[in-house]
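Structural features, examined
This is what each chain is made of:
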Amino acid sequence: MKFKPAIKPYTGPAGGWGSLEATTRFVLDSKQTLKNLRNLMRVNKARGFDCPGCAWGDDNHSTFSFCENGAKAVSWEATRNAVEPEFFAAHSVGTLQQQSDYFLEYQGRLTHPMRYNAETDHYEPIDWPDALALIAKHIKAMDNPNQIELYTSGRASNEASYLYQLFGRMLGTSNFPDCSNMCHEASGVGLKQSIGVGKGTIRMDDFEKADAIFVFGQNPGTNHPRMLHSLKNAAKRGARIVSFNTLRERGLERFADPQDPLQMLTPKSSPISSSYFQPNLGGDMAAVRGIVKALQESHRQRLAAGEAGLFDLAFIERHSVGVEAYLARVDATSWAQITEQSGLSEAQLRQAAAIYQGAERVICTWAMGVTQHKHSVATVREITNLQLLFGQLGKPGAGLCPVRGHSNVQGNRTMGIDEKSPKALLDSLERHFGFTANRAHGHNTVEALEAMLRGEVKVLIALGGNLAAAAPDTERTARALRCCDLTVHISTKLNRSHLVTGKDALILPTLGRTEQDLQASGPQYITVEDSFSMVHASEGVGRPLADTQRSETAIVCGIADAVLGNQPLDWLALADDYSLIRDHIAATVAGFADFNRRCDQPGGFYLGNAAAELRFATPSGKAEFSAAELPVSLFPQLNGQKAPFTLQTLRSHDQYNTTIYGLDDRYRGVYGQREVLFIHPEDLAALGMRDGERVEIETLWNDGVVRKVSGFKLVSYDIPRGNLAAYYPETNPLVPLASFGDGTGTPTSKSIPVAVRRCAAPPSLRIA
Ligand SMILES: Nc1nc2c(c(=O)[nH]1)N[C@H]1C(S)=C(S)[C@@H](COP(=O)(O)OP(=O)(O)OC[C@H]3O[C@@H](n4cnc5c(=O)[nH]c(N)nc54)[C@H](O)[C@@H]3O)O[C@H]1N2
Ligand SMILES: Nc1nc2c(c(=O)[nH]1)N[C@H]1C(S)=C(S)[C@@H](COP(=O)(O)OP(=O)(O)OC[C@H]3O[C@@H](n4cnc5c(=O)[nH]c(N)nc54)[C@H](O)[C@@H]3O)O[C@H]1N2
Ligand SMILES: [Mo]
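Each value, and the rule that gives it
- Residues numbered from 1 in each chain as written.
- Chains lettered and ligands numbered in written order.
- Predicted model: local features only at pLDDT ≥ 70, side-chain atom pairs only at ≥ 80, totals over all residues.
- Heavy atoms only, no water.
- Domains from an automatic or database assignment.
- Contact = heavy atoms within 4.5 Å.
- Buried area = accessible area lost by both parts, 1.4 Å probe.
- Salt bridge = Lys/Arg side-chain N within 4 Å of Asp/Glu carboxyl O.
- Helix = DSSP H or I, 4+ residues; strand = E, 2+ residues; numbered from the N terminus.
- Buried < 20%, exposed > 50% of the residue type's maximum accessible area, 1.4 Å probe, protein only.
- Arc of directions from axis to C-beta.
- Near = heavy atom within 4 Å.
- Polar contact = N/O pair within 3.5 Å; in protein donor to acceptor, adjacent residues only side chain to side chain.
- Areas by Shrake-Rupley, 256 points an atom, 1.4 Å probe, with all protein chains shown as cover.
- Nonpolar A, V, L, I, M, F, W, Y, C, P; charged D, E, K, R; others polar.
- Pairing = 2+ DSSP bridges.
- Axes fitted to C-alpha atoms, helices over the stretch in contact; angles between N-to-C directions.

1. With respect to the domain arrangement of the chain
Many structure descriptions define interface size as the accessible area lost when the parts assemble. What the domain assignment lists for the chain is domain 1 (108-182 + 408-517 + 545-592), domain 2 (185-402) and domain 3 (645-758). Across the boundary between the two partners, domain 1 contributes 16 residues, which contact 15 residues of domain 3. Note on domain 1 versus domain 3: buried area summed over both sides is about 1300 Å², and carbon and sulfur give 56% of it. Contact with domain 3 buries area across many residues of domain 1, yet Val446, Pro472 and Asp473 alone supply 35% of it, more than any other trio. Our count for the domain 1 to domain 3 interface comes out at one salt bridge.

2. A look at the environment of Ile241
Position of Ile241 relative to the elements: it lies in strand S9 (residues 240-244). As a C-alpha pair, Ile241 and Ala468 span 227 residues in sequence and 37 Å in three-dimensional space. Beyond its immediate chain neighbours, meaning those up to four positions away, Ile241 contacts Ile213, Val215, Leu231, Ala234, Ala235, Ile272, Ser273, Ser274 and Ser275.

3. What to know about helix H28 (residues 578-588)
For H28, the complete set of buried residues consists of Tyr578, Ile581, Arg582, His584, Ile585 and Thr588. Buried residues in H28, looked at end-on, bunch into an arc of 155°, giving them a common side.

4. Side note on the pattern of salt bridges
Two side chains that carry opposite charge are able to pair once their charged atoms sit near each other. According to the stated counting rule, one finds 40 salt bridges in the structure shown. Between Arg615 and Glu613 there is a salt bridge, with the nearest N and O atoms lying 2.5 Å from each other. Looking at Arg615, the relative accessible area reads 47%, which means it is partly exposed. Given a relative accessible area of 46%, Glu613 falls into the partly exposed group. The network of salt bridges with common partners includes Asp178, Glu185, Arg413, Glu419 and Lys420.

5. Points about the site of ligand 2
The immediate surroundings of ligand 2 are formed by 31 residues, with Glu105, Tyr151, Ser153, Glu552 and Thr658 found nearest. The contact in question runs from an oxygen atom of ligand 2 to an N or O atom on the side chain of Glu105, over 2.5 Å. Summarising the interface, the protein chains cover 96% of the accessible area of ligand 2, which totals 930 Å² for the free molecule. Residues of the shell around ligand 2, tallied by class, amount to nine nonpolar, 16 polar and six charged. There are two domains that each give the shell around ligand 2 at least three residues, and those are domain 1 (108-182 + 408-517 + 545-592) and domain 3 (645-758).

6. A word on the pairing of strand S32 (residues 723-727)
Across the five residues of S32, five count as buried, placing the element largely inside the fold. With burial as the criterion, each face of S32 is covered, one bearing Asn723, Ala725 and Tyr727 and the other bearing Leu724 and Ala726. With five bridges joining them, strand S25 (residues 645-650) and S32 adopt parallel strand pairing. What sits directly across from Gln648, in S32, is Ala725.

7. A few points about the pairing of strand S30 (residues 694-699)
Summarising burial for S30: five of the six residues are buried, a large majority. One ladder, built from five bridges, connects S30 with strand S31 (residues 708-716); its direction is antiparallel. The residue of S31 that forms the bridge with Ile697 is Val709. By the bridge criterion, five bridges tie S30 to strand S33 (residues 752-758) in an arrangement that is antiparallel. Looking at the pairing, Val695 lines up with Arg758 of S33.

8. Describing the sheet that holds strand S23 (residues 605-606)
One open sheet accounts for three strands, arranged S21-S22-S23; its pairing is antiparallel. The open sheet has two edge strands with one neighbour each: strand S21 (526-529) and S23. When S21 meets strand S22 (residues 534-538), the two strands line up antiparallel, connected through four bridges. Paired with Val528 across the strands is His536, a residue of S22. Those strands touched by helix H8 (residues 158-171) are S21 and S22, and its axis lies near 90° from that of S21.

9. A look at the site of ligand 1
The full set close to ligand 1 counts 31 residues, and Asn245, Glu249, Gly282, Asp284 and Asn657 are the nearest of them. At 2.6 Å from a nitrogen atom of ligand 1 is found a side-chain nitrogen or oxygen belonging to Asp284. In this structure, an oxygen atom belonging to ligand 1 sits 2.8 Å away from a side-chain N or O atom of Arg651. Bound to the protein, ligand 1 loses 99% of the 910 Å² it would expose on its own. Listing elements by their share of the shell around ligand 1, those giving two or more residues are helix H10 (220-223), helix H19 (368-371), S25 and strand S26 (655-656). Grouping the constituent residues of the shell around ligand 1 by class yields 10 nonpolar, 17 polar and four charged.

Shown next, in the form of structure tokens:
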């Protein structure tokens, strides 16, 4: 494929004809048009499969609910192109390393288990029994069970991820690094501290009842397009949508619904946001503090006038602790500090406060713009503080909504993919299966990479994902992976992680969610959980490309059987019939009683959320306000010196994390290229440079390591001065491994202190 680079500002709304065109073009481009369309028709329907795109919920009213990016995810997986043993015979690992991430995945689906041969630098075919025996040999050679790291990416089903963590725990480890550690960890940690449960409190239909929706640090037009329907419908009813986003994102401004024929026939598009604020990167905590400061003023004025206050005092009194300390902290935070850090004026924050005040029911949603900073837990808790002041929990149309990433990342955590060894789950696993679990906390993703660098890890198994490209500090991450004796990747497609091998390395080809999964007892379905705690069945419809591909569940069972044998658990019997796995889940995981039968409910079943029912599993038994100070500076590690720029790394419209579908980012007007750097026009002028000139970007960090990428083209953009944006994963080499969120270990992918300099060189290829 050839790409012609261009920058052309996008003038249409998000969604609409532009989106449908792109969808059709993408589906029709692929060789399997009919199959693709049939798949699309069934996505998220009663007995179809769950969309492997995002974790947004299913809208049961819609007849044809898919979005452009869901369509890409499905047809990308459904390709009939195969990466077979001949491909690996023709291309050495060294030559594949020279290729882009786009090229690697574009080759097609992995069909055969492959083993790396260091002498020839080629992958060679290996039979399944030999591959499993090799894994068992390495694991049995470990001195202690913590020498293994079991990585998970959030597409794995409940069934596969439950067995995966059970295998690890029976082996004696809690080393479960996962994509969530790099993603919504702060939401889980912050919400757990504040309200006792690390998940969102709202359900899909709350969007139909909210008076105002505050969207923080999220780009739904690209990453959760189905959310636009909820936002559009809410806006149509008159609900106010207030966006806080450092960039002007098209999808948050205007939207035309490609599934609404009436809207398609008129050029009209729906306005989404009634107000759009552009804080500095990392400025949301200060912004929310400012909103609360303004609201507290009104509250006091009302009390002084002998009226009822603004805050929901009955709720606060009954259901929370710590409000005095928090409000004292708000008083102690000056407007000067708030406006300097947020980058928003007092007038803007008072405007946002006025909208909040005018709404009876408010939902706050957020994603990576909130969670990938150093002070992300404090920010999540600050948003929660605001909601608690107004009793926005336990009533319809109101609550807290972290919008998850991978389609089953929330389910993975529920199933026990948790390095922090949740006590209740371990108790019940021990009781049910009769073994003693290791109670010590295991490694998160950054800790796992650090342990590898220290030479403490022998085996890495990755259930999906692309750790080498998704993790920070690309060069150190690559070094870490190479320290392992064995790396195993259970994958659908070829990616960078396969090319950064341990001394021994395996690629195990797996079925995707869209494909039929036939086992000894017949066709199997799996289950997933969305952002709204709805659990539902998903059954693939497409014919697998090769009979040498195995389901994730079968692979996990195969590994566990090879290592642990069939006592106390007959793993292979579980692989034959997934309903037996669900029986074990029902017996050990809270909320899953009668699991198999409940899978038949159309639309699935709701797991419930104690905080939404005003039951708080916190130490005080109540919702807890947090009285954290604003960070003194957003970059304390630079000893008070301010970096010239702060860089965020984000997603284009044509990518799914490290999977690059194409080189366009339509809504941001970028075509045929990815090495671009968005910058304020005045910053551009101050640098003495022009649009289209190339720069190198260097991280300013205090460990003496040089972290640089070069050849990025400057693109002026509507972004506050001092803030920059560029795509992930090309910019991952810039994120220091040691720079992560307080209490989360999440790499600070949205706040990297950098300098920018002119450079003549073309883009540097990312070679591991
Ligand atoms: N098509 C598609 N869908 C996806 C994905 C994908 O790659 N492609 N990825 C999935 C995954 S795993 C995830 S986690 C989600 C990610 O969904 P998002 O969180 O929407 O993903 P990002 O592209 O990282 O976008 C971050 C957004 O926050 C803004 N932002 C960044 N920093 C700040 C800040 O400090 N403050 C504020 N207010 N705004 C900020 C950015 O301008 C951008 O609009 O999407 C999921 N869905
Ligand atoms: N700089 C920077 N880094 C980031 C982020 C950022 O915003 N900026 N975002 C972070 C976030 S939010 C996340 S979630 C992580 C993502 O980290 P990962 O989840 O590790 O990465 P993905 O790119 O989603 O993984 C893609 C690979 O998964 C495999 N795959 C796809 N479908 C399946 C399947 O059904 N089964 C199996 N077994 N394999 C499958 C394919 O081989 C594909 O190559 O990246 C993080 N890294
Ligand atoms: Mo994510």
